[in-house]
Structures are given as structure tokens and as C-alpha cells.
Amino acid sequence: MALSEKDVQYVAKLSRLEVTDQEVAKYTQQLANILGYVEQLSKLDTSKVEPMAHVLDMKNVFRPDQPAPSLTQKEVLSNGPEIQSGHFKVPKIM
Amino acid sequence: MELYEKTIHEVAGELKAKKISSVELTKQVMDHLEKVEPHVQSFITITRDQALAQAAEADKRLAAGKDVTALTGIPLAIKDLLCTKGVRTTCASRMLETFVPPYNATVVEKLYAAGAVAVGKTNMDEFAMGSSTETSFYKKTKNPWNLNCVPGGSSGGSASSVSADQAFASLGSDTGGSIRQPAALCGIVGLKPTYGRVSRYGLIAFASSLDQIGPMTKDVEDCAIMMNAISGHDPKDSTSANVPSPDHLTDLKKGVKGLRIGIPKEFFPDAMNEEVSVAVKDAIAKLSGLGAELVEISLPTAPYGLAAYYVLAPSEASSNLARYDGVRYGLRVPGENIVEMYSKTRAAGFGPEVKRRIMLGTYALSSGYYDAYYLKAQKVRRLIKEDYDKAFEKVDIIATPTAPNPAFRFGEKTDDPLTMYLEDIFTISINIAGVPALSLPCGLAGGLPVGLQLIGKPFDEATLLKAAWAYEQSTEWHKRKPSLRKD
């Protein structure tokens, strides 16, 4: 699976990363090297192996649905780059 | 010997006996910290005022003899990816240059509750992505053993600060070796606990199924003290394991007689640094001399851990780092519309290594490549975990080198990302299997520290610490201090 500059441009767009042409050239070569190394995984027969997302034998961790103190609105907004009337403000979406 | 050169268990006795106050101790540590900081550059943020205020509070506890713990009044350093209320937390990224968390990470709460004193936030690779601390946006931390060399990474500042006596211990985090490798390169003790042993609440996430917080200390007993303070179930972290946490000091000094130590042949390749290989083999022989039984074992899929990691970790990172969008916290670069704002913000806020991994992960998860990369790596993950499970039917712990080389020079491995990744070849499969592992000093190679890695069964950090303590007591490596000189 050879990685092309077009692939890198597409992935950068999906990742919401603005990249220059020089960066695309550099990343294409570097990512191709890393993916080339990763290819060795195909040497292992995994046809009868279940995928493992994490090592702990647990799922669906529930807790009682009880209200507890949380951060104030002021604290939640304290790191926002642009705040207006108690909201995070963003540029136009449509 | 200066007070700041001592260990936690040594100085805690002096605090309790009221030979010195925490304020006096903290002043001495801060003065030394600031004196050597221009050479070592361990810290992104130094919190002298907060430290002195916490020390004054600790002195009240010590005077009253109430709620005094092994950490009361002890100055510690914290990796700059653990949220500290009111103290800037940057993750060594431009993205979070102005981020001041409104809450504390659970581990930070636990240290404060124990009465510890926080001297500052340590430098690291950006978002913990790296093995040399060179990807930090802010500064290059130096190895106290040779200032021309890197301290390892990603917890490089946490390692150098303890090595240079700027703090009695520190907290690091380890996703593929980020506690153990810098501990090895800086000549200190570092423990990555079992996945789920320590709460990750308030740890800025890199790869959530691999990340774990752990202690970095001057000796093994201090490591046990820190583990006692930070371990345990936390309802705020759904992946925190609900299992009892033992007192890690109880069996610490009981020796290794009859302990079965596995030696995996895959961890001693021919291409390894000769002095590192000799130091580690000598250490294993010493453990045998102390009464441990050595067993040759094989972990055939462990060498594939690095390849699996460079699919799994970037995939999780690409998802975790999607939150840095210039809306709720961190940097914002203006744009005509929201997508342009996102793209410009992320282009300016992240450094090259972080961008590389986000793109790699996005690629591995993208339509058409998911099965070939991500699913395949998850299957290999199970094989690696099963290898460790099988090995632990025959042995109690496993001994290997921590890193294939001692500390390297700045810029030596930054041109080709893959050569940097290969530094983690011996540590990475442990995160994939979720088991605990510890690095401790076991010799010198070219005058630079070498680490012995001990790997344990899930939730059996106590046995690792017991074996490490027995080895440590039979050597002088942990007593050596770095010169803080260039070569």
C-alpha cells in the first residue's frame, strides 16, 4: 500500500490540519517509512484472533445517577478564547 | 550531604523528628532547583510561592502530629500534563500555552491530601509524543549526567529533576516507555503501574488504552511510598480498576529467595549496545546470586509490539486530540469560517511530531484502511497479551534491559522518526499488555546510566518493588550522583 501525496492531503483535511506543499512532501515520505515498518504485522497469522481494545476485563461501568457538585459556568468558560454572554463564540458555521 | 540530596524516606524522618521544618526544607530545595535549572531546564513552570504555602500547611500538620503521612512536607515535581488547579498546564504544547485547569487531577489531589509540596511542572515531549523531550515547544531539557545528551522522554523533565535533586520525586506518565526510558537514561527509579492501578482523571490524554501515571524516584523504597499515595480505584475514571491496593512497603524488604525470574531471549538482540547488554546481564546474575531462580523464556510476539503501537497509539491520539479546536480552551487562530479556524489553529498549535501522529492515526482509522491497520493491530495486541499471560504461568517477574542504548545526543535521532521510535523497543509491548514494569539503575555505559527493567504480573507491583529493592541494596548504583557537566 504505497502512500501518495494525495493521501496525505486527504488525511490532513480529515484531521483539520492546514499543511503546506513542503510539509505534504515531508510527511508523505516519513509516514510511508513508518507504514513500511508497520507492514511486519502481516507476518503474524491473526485469522482466528479476536481484536483487543484494552486489557481490563470490564465493560459498561455504571455509577448511581446522583447529582454532585460540578464546575461553575465561570470556571468552565475561564479558558475559552472568545466568550460572549456565557457562551463560547465561534466563527460562522454555514 | 545536603538535605536535598537525600531520599523521601530519609528526610521524612527528619521532618517527623522536627529536626527541620518543611518550609526550611522547601526553601533549600527551591534554592538548589533554581541554581541548577539554567543548566538542566527540567521545568516549564516553577511554583515557588505555592510550594512555600503548602510547606507552611504541612508544618502545621507536623506540629500537631495529625494526618502526617510519608509525604507530608516533601517537595515533589509534576509532569506538565497533569491538571493542577490554578497552575498553568501546557502539555509542552503551544496549543495549551495559556491553559489554566479549573480542577486537579486525582493523583495531584492525592498528593496534596497526603501533605506533599509541589515545586513545579516538568518539561516533556509535546503531548507525551517522543523519547527525548526534544519535541517540547518550550525548551530542551538536558541529561544531568551529560548536558550534551537528552534526558529521554517523554517524561524527561520529571526524570532530570529527580536526578539533579530538584525534587525528591516526581510524577510521570508512560504510554510506551515514557516513565521507564527517561528513568533509565537519568539513573533513577521509574515505575509504570498496571493499566487501571492509578486513576487517569485529569491526565491530558494521549492514547487512553495505554496511558498510565507512575512515580519517578531516587530509590526503590521511595517508589513504594509514592505508589501507596497514588494507587487505588477512582469513580471519576471508568477504566480505573476496582481492586484493592496493597501497602507496597509490607513485603518490600523480604528478598528474592525462590523468586522465578524469566529472561526472554527476544530482549537481548545482537545489535544491542555492548556495555548496556553486559550491565543488564550482570544485574540478572546478581539477582540469581541473591537466591532468585532464572528461567529462560520466550515472548515471540513482543518484538511486534512497536509496529502494533504505531497503529494503536496514533489512532487513539487522533481521536483524543480532536478536542483541540480553538473553541473551549487553548490557542485560537482566526479564520473566515469554522473549518478554516480549526485548521489554522491546529496547524499553528501542534508541532511536527504531534501532526505526524494525528495524520498516521487518521489514516489507520480511515475508510478502506481500518481492517488492514487498526483491526490487525488490535488482534496482534491480543497475541502479545497472551504471550505475557503464558510467561507468567512459569515465572513471577521478567527481567530485560529498559532501553537498547544509554542517553544520546541532541538532534541525533530527530531527522528520522523511526530511529527515535526504536528507542522504545523494550518498553512498548508492556503497555500493550497492560502489565506493570519498573526501571532501576544497574550500571554505566560510556559514563551514562543503564536501566534494568523488571516486568510483573497485573496488579503485582509489590513483587516488582521487592525484587528491585533486593537488587538495589546489593549495589551502589542508586547512590551515584550526576556531575551536571558537559562532556
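Note that this is a predicted model, so its numbers are computed, not measured.

Undergrad: Where do I start with unusual backbone geometry in this structure?
TA: Trans is the common state for peptide bonds, and a negative phi is the common state for residues other than glycine. Geometrically, the link from Gly 153 of chain B to Ser 154 of chain B is a cis peptide bond, its omega value of 10 degrees lying close to zero. Following the sequence through the fold, Ser 154 of chain B ends up in the loop between β3 (117-122) and α5 (156-163). Backbone geometry places Ser 85 of chain A, a non-glycine residue, at a positive phi of 50 degrees. Note on placement: Ser 85 of chain A falls in the loop between β1 (83-84) and β2 (87-88). Given a relative accessible area of 64%, Ser 85 of chain A falls into the exposed group. In this structure, Gln 41 of chain B takes a positive phi of about 55 degrees despite not being glycine.

Undergrad: Please explain the sheet that holds strand β4 (residues 169-174) of chain B as it appears in this structure.
TA: Strands in a sheet are paired, the pairing made by backbone hydrogen bonds, and the direction either parallel or antiparallel. Residues and elements named next belong to chain B. Strand order in the open sheet formed by 11 strands is β1-β3-β2-β4-β6-β5-β10-β11-β9-β7-β8, with mixed pairing between adjacent strands. Among the strands making up the open sheet, the edge pair consists of β1 (43-46) and β8 (293-297). Recorded for the sheet is a direction-independent mean angle of 30 degrees between the axes of neighbouring strands. Pairing of strand β10 (residues 437-445) with strand β11 (residues 448-456) involves eight bridges; the strand directions are antiparallel. Following the sheet pairing, Leu 444 is matched in β11 by Pro 449. Contacts from α5 reach β1, β2 (75-79), β3, β4 and β6 (212-217) within the one sheet, and its direction differs from that of β4 by about 155 degrees.

Undergrad: Hey, could you run me through the interface of chain A and chain B in this one?
TA: It is common to report an interface's size as the accessible area lost on association of the parts. Contacts between chain A and chain B engage 50 residues on the former and 72 residues on the latter. The interface formed by chain A and chain B holds three salt bridges in total. For Glu 82 of chain A, the salt bridge is made with Arg 332 of chain B, and the minimal N-O distance between the two is 3.0 Å. Within the residue set of the side of chain A that touches chain B, elements represented by two or more residues are α1 (5-14) and α2 (21-38) of chain A. Looking at the side of chain A that touches chain B residue by residue, the classes come out as 29 nonpolar, nine polar and 12 charged.

Undergrad: Could you clarify how one ought to interpret the pairing of strand β9 (residues 397-401) of chain B in this entry?
TA: Residue and element names in this part refer to chain B. Taken across its five residues, β9 has five buried, putting it largely inside the fold. Taken together, the two bridges between strand β7 (residues 260-264) and β9 define a ladder with parallel strand orientation. Residue pairing across strands places Gly 262 opposite Ile 398, the latter belonging to β9. Where β9 lies against β11, five bridges are found, and the strand directions are antiparallel. Within β11, the position partnered with Ile 397 by the bridge is Gly 456.

Undergrad: How should I be thinking about the side chain of Glu 14 of chain B in this particular structure?
TA: Residues and elements named next belong to chain B. With respect to the helices, strands and loops of the structure, Glu 14 is situated in helix α1 (residues 8-16). Among the polar contacts listed, one links the side chain of Glu 14 to the side chain of Lys 6, at a separation of 2.7 Å. In this view, Glu 14 contacts Leu 3, Lys 6, Lys 19 and Ile 20; residues no more than four positions away in its chain are not counted.

Undergrad: Looking at this structure, how should I read the pattern of salt bridges?
TA: Per the stated rule, a full pass over the model turns up 25 salt bridges over all chains. Between Arg 48 of chain B and Glu 34 of chain B there is a salt bridge, with its nearest N and O atoms 3.1 Å apart. Of this pair, Arg 48 of chain B sits in helix α3 (residues 48-64) while Glu 34 of chain B sits in helix α2 (residues 22-40), placing them 14 residues apart in sequence. Arg 48 of chain B gets classed as partly exposed once you look at its relative accessible area, which sits at 23%. Accessibility expressed as a relative area gives 35% for Glu 34 of chain B, which makes it partly exposed. Residues Arg 180 of chain B and Asp 174 of chain B are paired through a salt bridge, measuring 2.9 Å at the closest nitrogen-oxygen approach. For the pair Arg 180 of chain B and Asp 174 of chain B, one class covers both residues: buried. Overlapping salt bridges, with partners in common, bring together Glu 82 and Lys 89 of chain A together with Arg 332 of chain B in one network.

Conventions adopted
- Starting from 1, residues in each chain are numbered consecutively following that chain's sequence as written.
- Chains carry letters and ligands carry numbers; both start at the beginning, A for chains and 1 for ligands, and go up in the order they are written.
- Only residues with pLDDT of 70 or above have their local features reported here, since the model is predicted, and side-chain atom pairs are shown and tallied only from 80 upward, although totals for entire chains, interfaces and linings are computed over all residues.
- Water and hydrogen atoms play no part in the side-chain values, which are based on all heavy atoms of the structure.
- Helix numbering and strand numbering both begin at the N terminus, where a helix is a DSSP run of H or I of at least 4 residues and a strand a DSSP run of E of at least 2.
- We call a residue buried when its accessible area falls under 20% of the maximum for its residue type, exposed when it is over 50%, and partly exposed in between, using a 1.4 Å probe and counting protein chains only.
- Should DSSP find at least two bridges between two strands, the strands are taken to pair.
- In this description, a line fitted to the C-alpha atoms serves as the axis of each element, helices being fitted only across the stretch in contact, and the angle between N-to-C directions of two axes falls anywhere from 0 to 180 degrees.
- In this description, contact between two residues means that some pair of their heavy atoms is separated by no more than 4.5 Å.
- One speaks of a salt bridge when a side-chain nitrogen belonging to Lys or Arg is within 4 Å of a carboxyl oxygen belonging to Asp or Glu.
- Classes in brief: Ala, Val, Leu, Ile, Met, Phe, Trp, Tyr, Cys and Pro nonpolar; Asp, Glu, Lys and Arg charged; the others, Gly included, polar.
- Two N or O atoms count as a polar contact when they lie within 3.5 Å, although within protein this holds only if one can serve as hydrogen donor and the other as acceptor, and sequence-adjacent residues are included solely when both atoms are side-chain atoms.

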